[in-house]
Amino acid sequence: MRVINEPQRIKKEMQEISAGTIGFTPTMGALHKGHISLIKRSLKENDISVVSIFLNPTQFNNPEDLKKYPVQTEKDLEILRDLGVHYCFMPTYKSLYPDNYTYKIEETNFSRQLCGAYREGHFTGVLTVVMKLLNIVSPHKAYFGEKDYQQLQLVKGMAKAFFMDVEIVACPTVREEDGLALSSRNKRLTAEERAIAPLFARLLKSEKSNDEIKTELRKNGFKVEYIETIGNRRFGAVYLGKVRLIDNVEI
Ligand code: PAF
């Protein structure tokens, strides 16, 4: 696996690939089975697979959350090598944001709902970094998890709105055996929080109303940000202690 830090360098390498398809999985590191399922799909569907590791500061509205985000770069690189990934792109903030974030990609409708209503600027940070990464790597396909369903829809919308030559591939949420959706933030749950966490997914999937779910969650020590249904999907964001969890299920 080639590890490349410079945007111009990987851009050139990608341009020199004349045959076959490039699959790309953007990540913020702290890789888990959810990321691995996206990467495996990329490896299966493409000739060359690229994974980026970049803890993107512009999408963190809460500086504490950024500071506490798990970092395990050596372990991540080992996972990627074992999987057979061809390129890992690990830019620095300076190299990826030569403009120091004065240019932004902003969606002004869906990005303000659900998580966007509670995390100001979050999706602008996500869309901006994803646009940069897609412009650098120029993949045929890019892989995103349904766990971050709102992010997935916004990235799909951006690709369409800007006539981008990339297929955004949606991959199903990977869950622990007890139903908890995999997330890098799960590592920060205490043993007691981890034990109660699966109740969140169980309630989202239940027949209960959104209000009943909120009540039940609060009774069990969760702080509820939102539980909302849009179309045939129920979305939720909660806190267990200091850890924010999101999930969504088809109902
Ligand atoms: O889903 C994530 O891990 C991040 O939001 C992404 C897409 C890598 C952009 O930083």
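Here is a short report on the structure shown in this document. (Residues numbered from 1 in each chain as written. Predicted model: local features only at pLDDT ≥ 70, side-chain atom pairs only at ≥ 80, totals over all residues. Heavy atoms only, no water.)

Quick look at the nonpolar core
In step 1: Within the largest apolar cluster, 42 residues are counted, with the highest numbers of intra-cluster contacts made by Ile10, Val50, Val130, Leu134 and Ile168.
In step 2: For this core, the elements supplying multiple residues, two or more each, are α1 (7–15), β2 (22–27), β3 (48–53), β4 (87–89), α7 (122–137), β5 (141–145), α8 (149–161) and β8 (233–240).
In step 3: It is α7 that contributes the most residues to this core, 10 residues altogether.
In step 4: Beyond its immediate stretch of four places on either side in the chain, valine 130 contacts Phe144, Val155 and Met158. (Core = buried A, V, L, I, M, F, W, Y, C linked by side-chain atoms within 4.5 Å. Buried < 20%, exposed > 50% of the residue type's maximum accessible area, 1.4 Å probe, protein only. Helix = DSSP H or I, 4+ residues; strand = E, 2+ residues; numbered from the N terminus. Contact = heavy atoms within 4.5 Å.)

A short note on α1
In an α-helix, one turn spans 3.6 residues; hence positions three or four apart end up facing the same way.
In step 1: Buried within α1 we find Pro7, Ile10, Glu13 and Met14. Considered in projection along α1, the buried side chains sweep an arc of 130° and stay on one side of the axis. Turned more than 90 degrees away from the buried face of α1 sit Gln8 and Gln15, all of them exposed.
In step 2: Those residues of α1 that are buried lie in contact with β1 (2–4), β2, β3, β4, α5 (93–96) and α7. (Arc of directions from axis to C-beta.)

Points about the site of the ligand
In step 1: In the vicinity of the ligand, the residues found are Pro26, Thr27, Met28, Asn56, Gln59, Val129, Phe144, Asp148 and Gln151.
In step 2: In this structure, an oxygen atom belonging to the ligand sits 2.7 Å away from a side-chain N or O atom of glutamine 59.
In step 3: Between glutamine 151 and the ligand, the recorded distance is 2.7 Å, taken from a side-chain N or O atom to an oxygen atom.
In step 4: Considered on its own, the ligand offers 290 Å² of accessible surface; in the complex 89% of this is hidden by protein.
In step 5: Classifying every residue of the shell around the ligand gives four nonpolar, four polar and one charged. (Near = heavy atom within 4 Å. Polar contact = N/O pair within 3.5 Å; in protein donor to acceptor, adjacent residues only side chain to side chain. Areas by Shrake-Rupley, 256 points an atom, 1.4 Å probe, with all protein chains shown as cover. Nonpolar A, V, L, I, M, F, W, Y, C, P; charged D, E, K, R; others polar.)

Observations concerning the sheet that holds β1
In step 1: Strand order in the open sheet made by the six strands is β1-β4-β3-β2-β5-β6, with parallel pairing throughout. Of all strands in the sheet, those bounded by a partner on one side alone are β1 and β6 (167–171). Sheet twist, expressed as the mean angle between neighbouring strand axes with direction ignored, is 25°.
In step 2: Note: β5 against β6, five bridges, orientation parallel. The residue bridging lysine 141 from the neighbouring strand is glutamate 167, located in β6.
In step 3: Helix α4 (residues 73–83) rests against β1, β3 and β4 of the sheet, and its axis sits at about 170° to β3.
In step 4: The sheet strands contacting α8 are β5 and β6, and the helix crosses β6 at an angle near 165°. (Pairing = 2+ DSSP bridges. Axes fitted to C-alpha atoms, helices over the stretch in contact; angles between N-to-C directions.)

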